[in-house]
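Structural overview for review
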2 protein chains.
Amino acid sequence: MIKLSKLSDYAIVVLSCLAAERGQLQTAVMLAQQTGIPEPTVAKVLKLLSKKEIVNSVRGVKGGYSMTRIPDQVTVTELIEALEGPISITSCADSEIESDCHIAQLCPMRGNWNKVNSAVKSALDGMNLSDLLLPVSPQRKGGRA
Amino acid sequence: MIKLSKLSDYAIVVLSCLAAERGQLQTAVMLAQQTGIPEPTVAKVLKLLSKKEIVNSVRGVKGGYSMTRIPDQVTVTELIEALEGPISITSCADSEIESDCHIAQLCPMRGNWNKVNSAVKSALDGMNLSDLLLPVSPQRKGGRA
DNA sequence: ATAAACCGGACTAATAGTGTACGGATTAAA
DNA sequence: TTTAATCCGTACACTATTAGTCCGGTTTAT
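Residues numbered from 1 in each chain as written. Chains lettered and ligands numbered in written order. Predicted model: local features only at pLDDT ≥ 70, side-chain atom pairs only at ≥ 80, totals over all residues. Heavy atoms only, no water.

1. So, the protein's contact with DNA strand D
- With respect to spatial proximity, 23 residues lie near DNA strand D, and among them S57 and Y65 of chain A together with S5, K6 and K44 of chain B are the closest.
- Counting only the atoms of DNA strand D that lie within 4 Å of the protein, the sugar and phosphate share comes to 71%.
- Measuring from a base nitrogen of DNA strand D, one finds a side-chain N or O atom of K47 of chain A at 3.1 Å.
- R59 of chain B is positioned with one of its side-chain polar atoms (N or O) 3.0 Å from a base oxygen of DNA strand D. (Near = heavy atom within 4 Å. Polar contact = N/O pair within 3.5 Å; in protein donor to acceptor, adjacent residues only side chain to side chain.)

This is the structure:
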């Protein structure tokens, strides 16, 4: 199905909240309330995003998260790789594990999915987070749409 | 991970055998032997491919499979959709099920993955089966590389 | 009639993904 | 210095998807 997990979906929602209040720190709990996504899940998403430095985390009592960049500066590739791991169409395609391919003796395309892979990747590189955020009225914390 | 299942992988392998003997009918058993992929799985792949008319099936004693077109005429999109179903990046993205999105009240990107989706899809539309087949020496049935 | 070959669906086991919980580390403030 | 808020990391149970197989049915050349 070529689909990615829900985490990426959640990430967009969470990031849109963060983007609406750029510069402000927001806690995982706040973001969970705003989005309706369960807190532990929000925390998970944020963790992944901070690992790739898409969001910045501040620990301690007045801590929270904020975006490190404006949405234009975040490519969809980055986003997806943060949440789903490296973009690879097949398990063979990524050149990590080549050993357990028991049909290798005849496999005539070994590595050819890579072409597809790069095609997809460059399509994704051409898009950024702001392409994904709807031109929606900015939501404020605690407010209702 | 954005990855597709092994079936697509197998499909390429099987199709390359078929492509090497264009016009000739080959049975599922023969293809299984050539590729090293287990017979029932080959049958499954072939079934999927014939449903989308990428291969042609002939029933009965002297039956078998052959390609309906030359590899250039088979887009990667077609191929993937035959084996994995419609290309959709997220479950929301495809406009079938919009109801079970419990975070819909705030979901600000509803439908925006579609942009990503089309980007991927058009990247895939631009490639065809012959891009995936290595310029490998034509393999003959029963022969060894 | 028989046997070769595909058709369609259903079934089981394995794998991956989803969501949650828990103990630990860090830091502002009392 | 103690406390509480907050992020960090790992591990775990539950669920859904995928992989691979099997079986009974249909078609057709001999």
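Let us keep going from here.
2. Observations regarding the protein's contact with DNA strand C
- Taken together, 23 residues lie around DNA strand C, and S5, K6 and K44 of chain A together with S57 and Y65 of chain B are the ones closest in.
- Among all atoms of DNA strand C positioned within 4 Å of the protein, those belonging to sugar or phosphate total 69%.
- Residue K6 of chain A places a main-chain N or O atom 2.8 Å away from a phosphate oxygen belonging to DNA strand C.
- At a separation of 3.3 Å, a sugar or linking oxygen of DNA strand C approaches a polar backbone atom of V61 of chain B.
- Within the residue set of the surface near DNA strand C, elements represented by two or more residues are α1 (6–20) and α3 (39–51) of chain A together with β1 (55–58) and β2 (64–67) of chain B.
- Class assignment of the residues belonging to the surface near DNA strand C gives a composition of nine nonpolar, eight polar and six charged. (Helix = DSSP H or I, 4+ residues; strand = E, 2+ residues; numbered from the N terminus. Nonpolar A, V, L, I, M, F, W, Y, C, P; charged D, E, K, R; others polar.)

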